[in-house]
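# Report on the structure
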Amino acid sequence: MNQLPWLARVFAYLSLLTVGGGMAAYPEMEDLTVRVHHWLTQDQLVHFYSLGQMAPGPNMNMVAAIGEHVAGITGALVVVLAFYLPTGVFALVIGRLWTKLANWPWRTSIQNGLAPTALGLMLAGLITFGKTAIRLGHTPIAFGVGINWIAVAMAVFVLVMMLRTKINPALLVLACGVIGVFTFRGS
Amino acid sequence: MSDAVATATAKATPEPATVSAFDIFIQFLIIGATSFGGGAVAYLRSSLVTKNKWLDDKSFLELFSISQSLPGLNTTNMAILSGDRMRGWPGAVAALTGVVLPGAILMTIAAILYGMHGERVLVTAGLKGVAAAASGLLLATFIQLARKTLRGWLDVLFIVIAVVVVNWFRISVLYALIGVATLATLAYRPRSSKPNVEHKAT
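Since we're looking at a predicted model, the values are computed, not measured. (Residues numbered from 1 in each chain as written. Chains lettered and ligands numbered in written order. Predicted model: local features only at pLDDT ≥ 70, side-chain atom pairs only at ≥ 80, totals over all residues.)

### Some points on the overall build of chain A
Scanning chain A from terminus to terminus reveals seven helices and zero strands. The order of helices and strands in chain A, counted from the N terminus, is α-α-α-α-α-α-α. Across its three principal directions, the C-alpha atoms of chain A cover 60 × 50 × 35 Å. Within chain A, the proportion of its 187 residues that are buried is 52%. Taking all contacts inside chain A whose residues are at least 6 apart in sequence as the whole, residues at least 24 apart take part in 53%. (Helix = DSSP H or I, 4+ residues; strand = E, 2+ residues; numbered from the N terminus. Buried ≥ 20, exposed ≤ 12 C-beta atoms within 10 Å, placed from the backbone. Contact = placed C-beta atoms within 7 Å.)

Structure below.
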């Protein structure tokens, strides 16, 4: 079956949800790509998203990987266009309008309202993502059982390094990948 | 060359006339290929404001605040808005294409390699480490953002509502976004000079 129209539709929709960053769209992305369309597994999605953290440019370029995974290079192209073009046009039009509305009192209200909304959706995405990233094996974490504590320790290490030092995050991710090869070999 | 500079400075707004869409494309291509670790906005600022002086700091910050309240990624929105400011819509297209292209090509190649070797035990193990690191990285980004933008308990409440409806009740992100954004915007609605309006509603 031809997946291209579905890829275009799903990723154009997802791009509208990326308020304040790509993570906001993550729960919906997991739902649509894993549960609705069965394009990839939860783990594969986490893998692509994590790899995307190492790639330069916007970290949501990982959508290209999903497109390729589903429908080859054409799939990657379709997904990238669908993900960036409609919201891009929207940003262009609203951006111009927004500049003219500098003195409209509701503009500040909308910006103040969107800030915590974006943070909340980011955290929600992070929880969905983390649940797969730090679990043991393939069964969902339930009541604190099934947590991969080594993975948690690695996440905490990266968190502390990010908050305390100016180290390049791509290096940290790469280092944890190398450590993972040795520590997660058996699991 | 010196003529162009002379006319540009004479026009008081030096930015638009001097930058070609091609220059914009190349500059954003470089940013798209070198900005590792998600901090692309910092790279944008050093390129557009500090190095090339295509935008002043004030307009950069103004565009950044707009780009945060639009759907779409901060980096791509910034590319579009600053490209548009410098050279109209061709500038926006050039900037967006440049900033996205390197990473998109790399991720496509990554997916091809993943298709060939993704099932191997060592690759899966390595990716598990990468995923753990990414969780820590994203949490750090969240904390840094929260420190910068949180303004009080009301903001915390909106964050909690968003998390509960998405993760607990599994409500679609679209409805959560519309619902929480509307609620929060109304909570921060423009204050009227009349005191009775302030105590009305919710």
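The discussion continues.
### With respect to the packing of helix H4 (residues 62–100) of chain A against helix H6 (residues 74–117) of chain B
With their axes 9 Å apart at the nearest point, H4 of chain A and H6 of chain B run at an angle of 165° to one another. The angle between H4 of chain A and H6 of chain B falls in the class roughly antiparallel. As for how H4 of chain A packs across H6 of chain B, the hand of that crossing is right-handed. Looking at the contact of H4 of chain A with H6 of chain B residue by residue, the class counts come to 20 nonpolar, seven polar and two charged. (Axes fitted to C-alpha atoms, helices over the stretch in contact; angles between N-to-C directions. Parallel < 35°, antiparallel > 145°, perpendicular 65-115°, else oblique. Left-handed = near helix turned anticlockwise from the far one by under 90°. Nonpolar A, V, L, I, M, F, W, Y, C, P; charged D, E, K, R; others polar.)

### Observations concerning the interface of chain B and chain A
Tallying the contact residues gives 82 residues for chain B and 89 residues for chain A. The set of elements that each furnish at least two residues to the side of chain B that touches chain A consists of helix H3 (21–34), helix H5 (57–68), H6, helix H7 (121–149), helix H8 (153–168) and helix H9 (173–187) of chain B. Ranked by the residues each element gives to the side of chain B that touches chain A, the list is headed by H7 of chain B, at 23 residues. Looking at the side of chain B that touches chain A residue by residue, the classes come out as 54 nonpolar, 24 polar and four charged.

### Some thoughts on the nonpolar core
In terms of nonpolar packing, the biggest core is built from 115 residues, with Val79 and Leu121 of chain A together with Ala133 and Ala162 of chain B touching the most fellow members. In terms of residue count, the dominant contributor to this core is H6 of chain B (18 residues). For this core, the two domains that each supply at least three residues are domain 1 (4–133) and domain 2 (137–187) of chain A. In contact with alanine 162 of chain B, other than residues within four places in its own chain, are Thr117, Gly120, Leu121 and Ala124 of chain A together with Ala176 and Val180 of chain B. (Core = buried A, V, L, I, M, F, W, Y, C linked by C-beta atoms within 7 Å. Domains from an automatic or database assignment.)

### Observations concerning the domain arrangement of chain A
Many analyses report the size of an interface as the accessible area lost when the parts associate. Residues and elements named next belong to chain A. Each domain of chain A was delimited in the assignment, giving domain 1 (4–133) and domain 2 (137–187). Centre-to-centre separation of domain 1 and domain 2, based on C-alpha positions: 24 Å. The interface is formed by five residues belonging to domain 1 together with eight residues belonging to domain 2. Counting residues per element, the ones that place at least two in the side of domain 1 that touches domain 2 are helix H3 (42–54) and helix H5 (105–133). In terms of residue count, H3 provides more of the side of domain 1 that touches domain 2 than any other element does, three residues in total. A breakdown of the residues in the side of domain 1 that touches domain 2 according to their chemical character gives two nonpolar, one polar and two charged.

### Here's the deal with the environment of histidine 37 of chain A
All names here are of chain A. Its location among the elements puts histidine 37 in the loop between helix H2 (26–36) and H3. Accessibility expressed as a C-beta count within 10 Å gives 14 for histidine 37, which makes it partly exposed. Along the backbone, histidine 37 and valine 10 are 27 residues apart, and their C-alpha atoms lie at a distance of 9.6 Å. Leaving out residues up to four positions away in the same chain, histidine 37 has contacts with Trp6, Val10 and Leu32.

### Details of H2 of chain A
Among the residues of H2 of chain A, Tyr26, Pro27, Glu28, Met29, Glu30 and Thr33 of chain A are the ones counted as buried. Buried-residue contacts for H2 of chain A involve helix H1 (4–16), H3, H4 and H5 of chain A together with H8 and H9 of chain B. A positive backbone phi angle near 50° is found at histidine 38 of chain A, which sits one or two residues after H2 of chain A.

### Describing the confidence of the model for chain A
Chain-level statistics for chain A give a pLDDT mean of 92 and a share of 99% at 70 or above. For chain A, helix H7 (residues 169–183) of chain A is the element with the lowest average pLDDT, namely 91, and H2 of chain A is the one with the highest, namely 97. (pLDDT = per-residue confidence, 0-100.)

### So, the environment of proline 58 of chain A
Tracing the backbone shows proline 58 of chain A in the loop between H3 and H4. Taking the C-alpha atoms as reference, proline 58 of chain A lies 15 Å from tyrosine 26 of chain A; in sequence the two are 32 residues apart. Residue contacts for proline 58 of chain A: discarding those within four places in its chain leaves Ala40, Leu73, Thr75, Thr76, Val99, Val100 and Gly103 of chain B.

### Some details on H3 of chain B
Residue and element names in this part refer to chain B. Relative to the 20 Å expected for 14 residues at 1.5 Å per residue, H3 spans 20 Å between its end C-alpha atoms, a close match to the ideal helical length. Here H3 has its buried residues at Ala21, Ile24, Phe25, Gln27, Phe28, Ile31 and Gly32. Taken together, the buried residues of H3 touch helix H4 (40–51) and H6. (Expected span 1.5 Å × (residues − 1).)

### Focus on the packing of helix H6 (residues 149–164) of chain A against H7 of chain B
With their axes 7 Å apart at the nearest point, H6 of chain A and H7 of chain B run at an angle of 40° to one another. The angle between H6 of chain A and H7 of chain B places the two elements in the oblique class. Along this stretch, H6 of chain A crosses H7 of chain B, giving a crossing that reads as right-handed. Two secondary-structure elements touch here, H6 of chain A through Ala151, Met154, Ala155, Val156, Phe157, Val158, Leu159, Met162 and Leu163 of chain A and H7 of chain B through Lys128, Gly129, Ala132, Ala133, Ser135, Gly136, Leu137, Leu139, Ala140 and Ile143 of chain B. Classifying every residue of the contact of H6 of chain A with H7 of chain B by side-chain character gives 15 nonpolar, three polar and one charged.

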